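# Report on the structure
One-letter residues, chain by chain:
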Amino acid sequence: MSAPHLADPRTPLVALEGGPMHRRWFHYADWLALRSASRRGGYPRIHPCGSCRCYLPTERYATNPNPMVTHRHGDARVWTYVVPEQWQQWAGREYLTPEEKAAGEPTRVRWPVTPEQEASA
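Here we summarise the structure given alongside this text. In this text the structure is predicted, and so the values were computed from the model without any measurement.

Moving on, we come to the pattern of salt bridges. Applying the stated criterion across every chain yields a total of nine salt bridges. For Arg-39, the salt bridge is made with Glu-94, and the minimal N-O distance between the two is 2.8 Å. Taken together, the residues Arg-39 in helix α2 (residues 28-40) and Glu-94 in the loop between α4 (84-89) and α5 (98-102) connect sequence positions 55 residues apart. Exposure remark for Glu-94: the relative accessible area of 6% places this residue in the buried category. One salt bridge in this structure joins Glu-94 and Arg-53, with 2.9 Å as the shortest N-O distance. With Glu-94 in the loop between α4 and α5 and Arg-53 in the loop between α2 and β3 (55-62), the pair connects residues that are 41 residues apart, well separated along the chain. Three or more residues joined by partner-sharing salt bridges are found here, namely Arg-35, Arg-39, Arg-45, Arg-53, Glu-94, Glu-100 and Glu-105.

Structural data, given as structure tokens:
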């Protein structure tokens, strides 16, 4: 991984841009917990509960509109939404943070998407 923001996306806060969670803010540990719970639940990225795994960290930072939050935690790394179809073009693998890799999180989650797929599972 040559991009430093992908190799180490950690900041105390995460600011989401685009997608169904646009303008949501998380503490980094809470963001990882949400992503992990989405995987444990087996949700695909096209499901609302799986959409949190459609975000990629960027090189950009955002300042929280509440000055007290910024004073206490600093700026947040911006994570941008990538549509699920694009993830499929990338061999269906999803981005994992270093913490997620160390925890052994799967890079793919299998879950029936259509009633036909569910019937054959």
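Another aspect to go through is the sheet that holds strand β2 (residues 25-27). Taken in spatial order, the four strands line up as β2-β1-β4-β3 in an open sheet, and their pairing is mixed. Strands at the two margins of the open sheet, each flanked by one partner only, are β2 and β3. Across the sheet, the mean angle from the axis of one strand to that of its neighbour is 35 degrees, orientation sign disregarded. Relative to β2, α2 is tilted by about 100 degrees, and along the sheet it contacts β1 (13-17), β2, β3 and β4 (76-81).

Thresholds applied
- All chains use their own residue numbering, which begins from 1 and follows the written sequence.
- Per-residue local features of the predicted model are confined to residues with pLDDT of at least 70, and side-chain atom pairs are confined, for both listing and counting, to 80 or more; whole-chain, interface and lining totals are unaffected and use all residues.
- Hydrogens and waters are ignored; side-chain quantities use all the structure's heavy atoms.
- Salt bridges, as used here, are contacts in which a Lys or Arg side-chain nitrogen is within 4 Å of a carboxyl oxygen on Asp or Glu.
- Numbering of helices and strands runs from the N terminus; a helix is a DSSP stretch of H or I covering at least four residues, while a strand is a stretch of E covering at least two.
- Accessibility here uses a 1.4 Å probe with only protein chains present; expressed as a share of the type maximum, an area under 20% marks a residue as buried, one over 50% as exposed, and anything in between as partly exposed.
- In this analysis, strands are considered paired if DSSP registers two or more bridges between them.
- Between the N-to-C directions of two axes lies an angle of 0 to 180 degrees, each axis being a line fitted to C-alpha atoms and, for a helix, fitted only over the stretch in contact.
- In what follows, residue pairs with any heavy atoms lying within 4.5 Å of each other are defined as contacts.

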